[in-house]
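Residue strings, one per chain:
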Amino acid sequence: MNLGKVIGTIWATRKYEALNNTKMQLVQPLDFEQNEIGEPVIAVDTIGAGPGETIFYITSSEAVIPMDVDFAPVDAAIVGIVDSINLENNKQ
Amino acid sequence: MILGKVIGTVWSTRKDENLVGMKFLIVKHLKLDYTEKDAFTVAVDSVGAGVGEVVLFAQGSSARQTKLTKNKPVDAVIMAIVDKLDVNGKPVKDE
């Protein structure tokens, strides 16, 4: 699982049919100090994360598991919204 | 998934027989303002994307999760054509 921040949204009407009425959000990966690291990815969002929220997401073929369908070409999915992060030495 | 722009097509007759009937599109990876990066990927098209269109493609074993690419030696599939992308609340223009 990876930490990320929702920084945008994608709309696509022409897509693989199993993805119909699936929300896709633009996620910027974060490190534990919530600094931006790496390239943004687009992830399926079955949780309903809002823009700017810190989330955690999974990648590769497991990304289809949160969806209603069990066979769809997705490689990233938001699986939770972060309330707080406690690091060993200080509290974020 | 990541953003890309279709810039061309790859034709191949001598190939793994599992790949017969698939369309291979050259997809340039894009930054969030739709400018092209250097990287590109050859991806199987599952939605009828055309040259010049901004698309999303899935990579890795997820790419085999379509009727077309199931159990086929494919690791990248175009699965959406982007109508609109908002970044930080502002729509991205595709010149």
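Our structure's up above, just so we're on the same page.
Residues numbered from 1 in each chain as written. Chains lettered and ligands numbered in written order. Predicted model: local features only at pLDDT ≥ 70, side-chain atom pairs only at ≥ 80, totals over all residues. Heavy atoms only, no water.

Q: Mind showing me how you'd approach unusual backbone geometry here?
A: For residues other than glycine, phi is negative in most cases, and the peptide bonds are mostly trans. Its identity as a non-glycine residue notwithstanding, A:Q34 has a phi of 60°, on the positive side. Checked against the element boundaries, A:Q34 lands in the loop between β3 (24-30) and β4 (41-45). Since its relative accessible area comes to 34%, A:Q34 is described here as partly exposed. Even without being glycine, B:Y34 reaches a positive phi, approximately 70°. Structurally, B:Y34 is set in the loop between β2 (24-30) and β3 (36-45). (Helix = DSSP H or I, 4+ residues; strand = E, 2+ residues; numbered from the N terminus. Buried < 20%, exposed > 50% of the residue type's maximum accessible area, 1.4 Å probe, protein only.)

Q: Whenever I open this one, the pattern of salt bridges confuses me. Can you help?
A: Pairing is possible between side chains that carry opposite charge, provided their charged atoms lie close to one another. In the structure shown here, the tally under the stated rule is 7 salt bridges over all chains. Residue B:E53 pairs with A:R14 through a salt bridge whose shortest N-O separation is 2.7 Å. Here B:E53, found in the loop between β3 and β4 (54-59), pairs with A:R14, found in strand β2 (residues 14-15), and the two come from separate chains. A relative accessible area of 40% places A:R14 in the partly exposed class. Note that B:K5 is salt-bridged to B:D94, the shortest N-O span being 3.1 Å. Of this pair, B:K5 sits in strand β1 (residues 2-10) while B:D94 is found in the segment after β7 (90-91), placing the two residues 89 residues apart along the sequence. (Salt bridge = Lys/Arg side-chain N within 4 Å of Asp/Glu carboxyl O.)

Q: Looking at this model, I keep getting lost on the interface of chain B and chain A. Mind explaining?
A: Where the parts come together, the accessible area they lose is often given as the size of the interface. Contacts between the two partners involve 30 residues from chain B, matched on the other side by 29 residues from chain A. In this assembly, chain B packs against chain A so that about 2,400 Å² is buried in total across both faces, 56% of it on carbon and sulfur atoms. When the buried surface of chain B facing chain A is broken down by residue, B:M1, B:Q65 and B:D83 rank first, second and third, together holding 29% of it. Run the count over chain B and chain A and you get 3 salt bridges. Here B:K67 ties to A:E17 by a salt bridge, and the two come within 2.6 Å at their closest N and O atoms. Where chain B touches chain A, the interface holds 18 residue pairs in polar contact (both at pLDDT 80 or more). Among the secondary structure elements, those contributing two or more residues to the side of chain B that touches chain A are β1, β4, β5 (76-81) and β6 (84-87) of chain B. Partitioning the side of chain B that touches chain A into residue classes produces 15 nonpolar, 7 polar and 8 charged. By the bridge criterion, 4 bridges tie strand β1 (residues 2-11) of chain A to β6(B) in an arrangement that is antiparallel. Pairing of A:W11 across the sheet is with B:K84, part of β6(B). (Contact = heavy atoms within 4.5 Å. Buried area = accessible area lost by both parts, 1.4 Å probe. Polar contact = N/O pair within 3.5 Å; in protein donor to acceptor, adjacent residues only side chain to side chain. Nonpolar A, V, L, I, M, F, W, Y, C, P; charged D, E, K, R; others polar. Pairing = 2+ DSSP bridges.)

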